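Fold and geometry: a report
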Amino acid sequence: MSSIKSIWSRRSLQAKVFAYFFVLLIALVGGVLLFSYQRANRLAQESLQSALSTTRSLYDNLEVERLEKLELVNSTVAESPIFKAVVAETDMATVLDSALEMVQQVGSDFMIVTDAEGVVLARTDAPNQAGEDFSDLPLIRAALEWELGGGVWADQGRLFHAVSVPINVGPAMLGSV
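Small disclaimer: the values here were computed from a predicted structure and weren't measured. (Residues numbered from 1 in each chain as written. Predicted model: local features only at pLDDT ≥ 70, side-chain atom pairs only at ≥ 80, totals over all residues. Heavy atoms only, no water.)

As a further point, take the sheet that holds strand β2 (residues 120-123). Pairing within the open sheet is antiparallel, and its 4 strands lie in the order β2-β1-β6-β5. Here the strands that pair on one side only, and so sit at the sheet edges, are β2 and β5 (166-169). Put simply, the sheet's adjacent strands are angled 25° from each other on average, direction ignored. Relative to strand β6 (residues 172-176), β5 runs antiparallel, the two sharing 4 bridges. What sits directly across from valine 169, in β6, is alanine 172. Strands in contact with helix α3 (residues 81-89) are β1 (112-115), β2, β5 and β6; relative to β5, the strand with the most contacts, it is inclined by about 90°. (Pairing = 2+ DSSP bridges. Helix = DSSP H or I, 4+ residues; strand = E, 2+ residues; numbered from the N terminus. Axes fitted to C-alpha atoms, helices over the stretch in contact; angles between N-to-C directions. Contact = heavy atoms within 4.5 Å.)

What follows is the structure, given as structure tokens:
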């Protein structure tokens, strides 16, 4: 400790002033850099939050429009007298043929048709799933409870916008599409 004092005391006033100003300059530059970093980080966070909020709003609007379009298409299919008659017969091969034809006409990725109990009569993207019980799936359950169901359908690692509507003849529930 005394050697540091002796080195410091041997320095000229000019060297001491220079050292003080050098330390002060380093502290000042460090403070400015720290302030600038924090301010830039805060501005970046605010900008990112704003961009994410805008993107979320745009996606929500897009999803609503897409689901409305799908609802219109599925309602048109469900109201077709020929399609209702095919579903009422519950012949899985005939329902599958009719569903495949409807998918081509309306331009959907796939179509699932169930009976009134939620059992799959036809699935255009996976015909081997005919006979499986889908009544516990929220989209299907909504249609079987006389409501429109819409949202995201996750299947085999892929996501789809999907809508389900009831198929009925008067008060008689035939199933869902």
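Alright, that's what it looks like, and here's the rest.
What follows covers the side chain of serine 98. Structurally, the position occupied by serine 98 is in helix α4 (residues 92-106). What makes serine 98 buried here is its relative accessible area of 14%. Once residues within four sequence positions are removed from consideration, serine 98 is found in contact with Phe83 and Val86. (Buried < 20%, exposed > 50% of the residue type's maximum accessible area, 1.4 Å probe, protein only.)

With that out of the way, let us pick up the packing of aromatic side chains. Two aromatic rings, taken as a pair, are described by how far apart their centres are and by the angle between their planes. One pass over the structure, following the stated rule, counts 4 aromatic pairs. Seen from their ring centres, phenylalanine 18 and phenylalanine 22 are 6.3 Å apart, and the 20° between their planes marks the pair as stacked. One end of the pair is phenylalanine 18 and the other is phenylalanine 22, both in helix α2 (residues 13-79) and 4 residues apart, which spans about a single turn. For the ring pair phenylalanine 110 and phenylalanine 160, a centre distance of 5.0 Å and an interplane angle of 75° mean the geometry is edge-to-face. Of this pair, phenylalanine 110 sits in the loop between α4 and β1 while phenylalanine 160 sits in strand β4 (residues 158-164), and the two are 50 residues apart along the sequence. Like phenylalanine 160, phenylalanine 110 is buried. Joined through ring pairs, the aromatic side chains of Phe110, Phe134, Trp153 and Phe160 make up one cluster. (Phe/Tyr/Trp six-rings, centres within 6.5 Å; stacked < 30°, edge-to-face > 60°.)

Throughout the structure, instances matching the rule amount to 4 salt bridges. Between arginine 56 and aspartate 60 there is a salt bridge whose closest N-O contact spans 3.5 Å. Of the two residues, arginine 56 and aspartate 60 are both situated in helix α2; the distance of 4 residues between them amounts to about one turn of the helix. Taking the shortest distance from any N to any O, the salt bridge between lysine 84 and glutamate 79 comes out at 3.5 Å. The class of glutamate 79 is partly exposed, set by a relative accessible area of 48%. Through salt bridges with shared partners, a single ionic network connects Arg123, Asp125 and Asp155. (Salt bridge = Lys/Arg side-chain N within 4 Å of Asp/Glu carboxyl O.)

Look at α3 against α4: their axes get within 9 Å of each other, and the N-to-C directions meet at 150°. Classed by the angle they form, the pair α3 and α4 counts as roughly antiparallel. Remark: the crossing between α3 and α4 carries left-handed chirality. Residue-level contacts link Phe83, Val86 and Val87 of α3 to Thr94, Val95, Ser98, Ala99 and Met102 of α4. When the residues that make up the contact of α3 with α4 are grouped by side-chain class, the tally is 6 nonpolar, 2 polar and no charged. (Parallel < 35°, antiparallel > 145°, perpendicular 65-115°, else oblique. Left-handed = near helix turned anticlockwise from the far one by under 90°. Nonpolar A, V, L, I, M, F, W, Y, C, P; charged D, E, K, R; others polar.)

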